[in-house]
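One-letter residues, chain by chain:
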Amino acid sequence: MVKHQPLQVYERQLCLSCLTGIYGCRWKRYQRSHDDSSKWECSWFFLLCCSFLLLLVWSYFWLEILALCHIVLGQQLNLYWIHKIVVLAILLTTITGVVSIDDFWQDEWDIVIISLQFTGPFLHIGALAVVTALGWVIAGQVVRVERSRLQVVMLVIYVSLLLVLYMVPLFISSPCITDRSKLGPRPAVIGRRGAPMLAPEHTIMSFSKALQQKVTALEADVTISLDGVPFLMRDRTLRRTTNVDKLFPARQDHDASFFNWTEIRSLNAGLWFLRDDPYWTVQYMSEKDRNRTANQTVCSLAELLRLAARTNRSVIFSLRRPPAQHPRHQLWVSDALKVIQRSSILPEQVMWTPDWYRKKVRAAVPLLRQTSDEKLPVAELKERGISTLTLHYSQARAQDISNVSVNVYPVNEPWLYSLMWCSGVQSVSSDAPHILKKVPNPVWIMSADEYGLIWITSDLISVAIVMGIFIFQKWKMSGMRSYNPEQVMLSAVVRRPSRDVNLMKEKLIFSGETHEHTAVCGQQSFESNLNTSTIIT
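This is a predicted model, so every value here is computed, not measured. (Residues numbered from 1 in each chain as written. Predicted model: local features only at pLDDT ≥ 70, side-chain atom pairs only at ≥ 80, totals over all residues. Heavy atoms only, no water.)

### With respect to the overall build of the protein
Counting its secondary structure elements, the protein contains 21 helices and 9 strands. Expressed as a percentage of the 537 residues in the protein, the buried residues total 42%. Expressed as a percentage of contacts within the protein between residues at least 6 apart in sequence, the contacts between residues at least 24 apart total 63%. (Helix = DSSP H or I, 4+ residues; strand = E, 2+ residues; numbered from the N terminus. Buried < 20%, exposed > 50% of the residue type's maximum accessible area, 1.4 Å probe, protein only. Contact = heavy atoms within 4.5 Å.)

What follows is the structure in structure tokens.
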């Protein structure tokens, strides 16, 4: 009797080979393992997750995906040593970058919280979808025969995370979750330094571009020259926005207020825009606009007021006080008031921001609209005659907006403009009036009932999917336990026939027939020899 060993069939597992090969440089079949990952490799997986969360779309984000695929397929985690070095380098670089950005961008972190007010509902749904999908990985680990403390901890953490996500909408507050009937009028757009994305800031060309975008007012930063002429300049020096380094190289780091008006007027205020292209918009400018930009000069306050009066627009400006050793240190407010009084603009079209000598200013020009960039109680605002607050977007709160007229700066993105619109802001100062012009309605707005329906529906769908995943994984695992290795092998052969498998089966059959023929011939020879020996005897 000839015994035949079961035929071992190796399936081509290209996907699994790529996963284990890229992640751990284990390309051979014998290098793979379904054993539990070591604590050391799990710690590298944790570092990989940290790098992934910090970078999100960095070049090594796909390693996180590969690690999750390893867990799903039950493969042992074994990150290749080169990848470990790169992950550590990325982690250290990212931490260093975050610390450096925090030093330079410390005042802008509030934008993260504000952005969550706008994106919160959508981030909740996205996070719920991701955690629900992770149920496949968790279920695959929990339903195993071997019970461990780690499996219980994973299940408890996963269920807790799901419950937290299910309840998160109770704590989400967004101005855009409101009835459309309560939506206020569209906030007015003020050209901050004109339209600095389309033309050099604080130039006549920039303000003209802003007026073409239908802005309701023009905003500027005013400095007093050495001879008492108010002119428009944002920086302390003239180096960034003029060619002072060529005309006055020895004085390029001096305060802008220590130049007289003749010297300031001789500077070019447009070539830097063509050279630096700060907003990547120069390529879209016509040849005529480029020539016009190249000939721009520093603008005075008187020129801005004449332009505003001619186009019936308001003007809001902040006034910077010259240094103590400046000859106009005590006369800077008077210099600005004289220009306003001599211009043809109506006083009520000028929004006065400086808090210095406010009583004197109100006595000299009573009709000026008093504004402030300092948050004060309503009673004190009324006492000072302040009718408008000019606040940074991070300082604007619902209670402030409801009690006084508020102008928010800088608002350059449609989503932030939509958020301010839903908050009830009356006006915004923008560097990009050409972008906000294209926002006729808030990007999104929904009532509380609509959001509640979306919340409950998404939670129910998530619960159903998670329960289905766990039931399927349990059924799949119980089915695998009922099979013995030969049944699994034979079912694989039957279900996936191929030319190679058929050829091997034919060889096996031929081999079996040969062994049977040899056994029969041997038996016949034995019997004939036995008969021969009997006859002889």
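We are not done yet, so read on.
### Remarks on the pairing of strand E4 (residues 314-319)
By the criterion of burial, E4 is predominantly enclosed, with 5 of the 6 residues buried. In the sheet, strand E2 (residues 217-224) pairs with E4 via 6 bridges, with the strands oriented parallel. When the sheet's bridge partners are listed, Val222 is paired in E4 with Leu319. Here 3 bridges tie E4 to strand E5 (residues 350-352), and the two strands are oriented parallel to one another. Paired with Val315 across the strands is Val350, a residue of E5. Once the chain exits E4 it traverses helix H13 (residues 332-342) before rejoining the sheet at E5, and the crossover so formed is right-handed. (Pairing = 2+ DSSP bridges. Right-handed = clockwise from strand over helix to strand, strands pointing away.)

### What to know about the nonpolar core
In terms of nonpolar packing, the biggest core is built from 62 residues, with Trp352, Val408 and Val428 touching the most fellow members. Not counting residues up to four positions away in its chain, the partners in contact with Trp352 are Phe317, Leu319, Val333, Ala336, Leu337, Ile340, Arg358, Val361, Leu368, Arg369, Gln370 and Thr371. (Core = buried A, V, L, I, M, F, W, Y, C linked by side-chain atoms within 4.5 Å.)

### A few points about the packing of aromatic side chains
Two aromatic rings are characterised by how far apart their centres lie and by the angle between their planes. One pass over the full model with this rule turns up 12 aromatic pairs. For the pair Phe118 and Trp444, a centre-to-centre distance of 5.9 Å together with 55° between the ring planes defines the contact as tilted. Taken together, the residues span a long stretch of sequence, with Phe118 in helix H5 (residues 110-142) and Trp444 in the loop between helix H18 (433-436) and helix H19 (448-481) at a distance of 326 residues. For Phe118, a relative accessible area of 8% gives the class buried. Ring geometry for Phe248 and Phe259: centres 5.8 Å apart, planes at 65°, overall edge-to-face. Of the two residues, Phe248 is situated in the loop between helix H8 (244-247) and helix H9 (261-265) and Phe259 in the loop between H8 and H9; the sequence distance between them amounts to 11 residues. Of the two residues, Phe248 and Phe259, neither departs from the other in class, the shared state being buried. Site record: aromatic cluster; members linked through ring pairs are Phe118, Phe122, Trp415 and Trp444. Across the ring face of Trp272, the terminal group of Arg240 is positioned such that the distance to the ring centre comes to 5.5 Å. The ring of Phe248 has Arg251 sitting right over it, with the charged end atom 5.4 Å from the ring centre. (Phe/Tyr/Trp six-rings, centres within 6.5 Å; stacked < 30°, edge-to-face > 60°. Lys NZ or Arg CZ within 6 Å of the ring centre and 35° of its normal.)

### What about unusual backbone geometry?
Across residues other than glycine, the phi torsion is negative in most instances, and most of the peptide bonds are trans. For the peptide bond that leads from Tyr409 to Pro410, omega is -25°, which places it in the cis range. Counting through the fold element by element, Pro410 comes out in the loop between strand E8 (405-409) and helix H17 (414-423). Even without being a glycine, His202 presents a positive backbone phi close to 60°. Residue class for His202 comes out buried when judged on its relative accessible area of 4%. Its identity as a non-glycine residue notwithstanding, Trp280 has a phi of 55°, on the positive side.

### Thoughts on a nonpolar patch on the surface
Together, Val112, Ile113, Leu116 and Leu123 line one region of the surface with nonpolar side chains, adding up to about 350 Å² of accessible area. Secondary-structure assignment places Leu116 in helix H5. (Patch = residues over 30% accessible without salt bridge, like charges linked within 9 Å, V, L, I, M, F, W, Y side chains within 5 Å. Areas by Shrake-Rupley, 256 points an atom, 1.4 Å probe, with all protein chains shown as cover. Salt bridge = Lys/Arg side-chain N within 4 Å of Asp/Glu carboxyl O.)

### Thoughts on the side chain of His202
Within the fold, His202 resides in the loop between strand E1 (188-192) and helix H7 (204-212). Within the structure, His202 has its side chain in polar contact with the backbone nitrogen of Asp221 (distance 3.2 Å). Beyond its immediate stretch of four places on either side in the chain, His202 contacts Arg193, Phe207, Ala220, Asp221, Leu232, Met233, Arg234 and Cys299. (Polar contact = N/O pair within 3.5 Å; in protein donor to acceptor, adjacent residues only side chain to side chain.)

### Examining the UniProt feature "transmembrane region" (unreviewed entry) in the protein
When the UniProt feature table is mapped onto this chain, "transmembrane region" (unreviewed entry) is found at residues 44-69, 81-101, 121-140, 152-172 and 452-472. Note that residues 152-172 is 76% helix and 0% strand, and that its end C-alpha atoms are spaced 31 Å apart. (UniProt positions renumbered as here; feature names shortened; annotations may be inferred.)

### Remarks on H17
With 7 of 10 residues buried, H17 lies mostly within the body of the structure. Of the residues making up H17, those classed as buried are Leu416, Tyr417, Ser418, Leu419, Met420, Trp421 and Cys422. Contacts made by the buried residues of H17 are with H5, E1, E8, strand E9 (427-430) and H18. Two residues or fewer after H17 comes Gly424, characterised by a positive phi angle close to 95°.

### A closer look at the packing of helix H12 (residues 301-311) against H13
In the contact formed by H12 and H13, the axes pass within 10 Å of each other and the chain directions differ by 30°. With respect to the hand of their crossing, H12 and H13 are arranged in right-handed fashion. Across the interface between the two elements, Leu301, Ala302 and Leu305 from H12 touch Ala336, Val339 and Ile340 from H13. In the contact of H12 with H13, the residues fall into 6 nonpolar, no polar and no charged. (Axes fitted to C-alpha atoms, helices over the stretch in contact; angles between N-to-C directions. Left-handed = near helix turned anticlockwise from the far one by under 90°. Nonpolar A, V, L, I, M, F, W, Y, C, P; charged D, E, K, R; others polar.)

### What about the pattern of salt bridges?
If you walk through the whole model with that rule in mind, you get 15 salt bridges. As a salt-bridge pair, Arg192 and Asp431 come within 3.4 Å of each other at their nearest N and O atoms. Residue Arg192 is located in strand E1, and its partner Asp431 is located in the loop between E9 and H18; the two are separated by 239 residues in the primary sequence. Of the charged contacts in the structure, one is a salt bridge between Arg328 and Asp335, with a shortest N-O distance of 2.7 Å. Through salt bridges with shared partners, a single network forms among Arg192, Arg193, Glu201, Asp235, Arg240 and Asp431.

### Section: empty space enclosed by the protein
As enumerated under the stated definition, the model contains 2 cavities of 30 Å³ or more in all. The calculated volume of the largest cavity comes to roughly 80 Å³. Lining the largest cavity are Glu201, His202, Thr203, Leu232, Met233, Arg234, Thr241, Thr242, Ala269, Trp272, Thr297 and Val298. Among the residues forming the lining of the largest cavity, the class breakdown is 5 nonpolar, 5 polar and 2 charged. (1 Å grid on protein atoms, 1.4 Å probe; cavity = no way out; pocket = protein on both sides within 12 Å on 5 of 7 lines; lining within 4 Å. Points joined across faces, edges and corners; volume = space filled by probe spheres on them.)

### Thoughts on the pairing of E8
Strand direction decides the pairing type here: strand E7 (residues 386-392) and E8, joined by 5 bridges, are parallel. What sits directly across from Thr390, in E8, is Asn407. Inspection of the sheet shows E8 paired to E9 by 2 bridges, in the parallel sense. Within E9, the residue paired with Val408 across the bridge is Val428. This β-α-β element, E8 to H17 to E9, shows right-handed connectivity.

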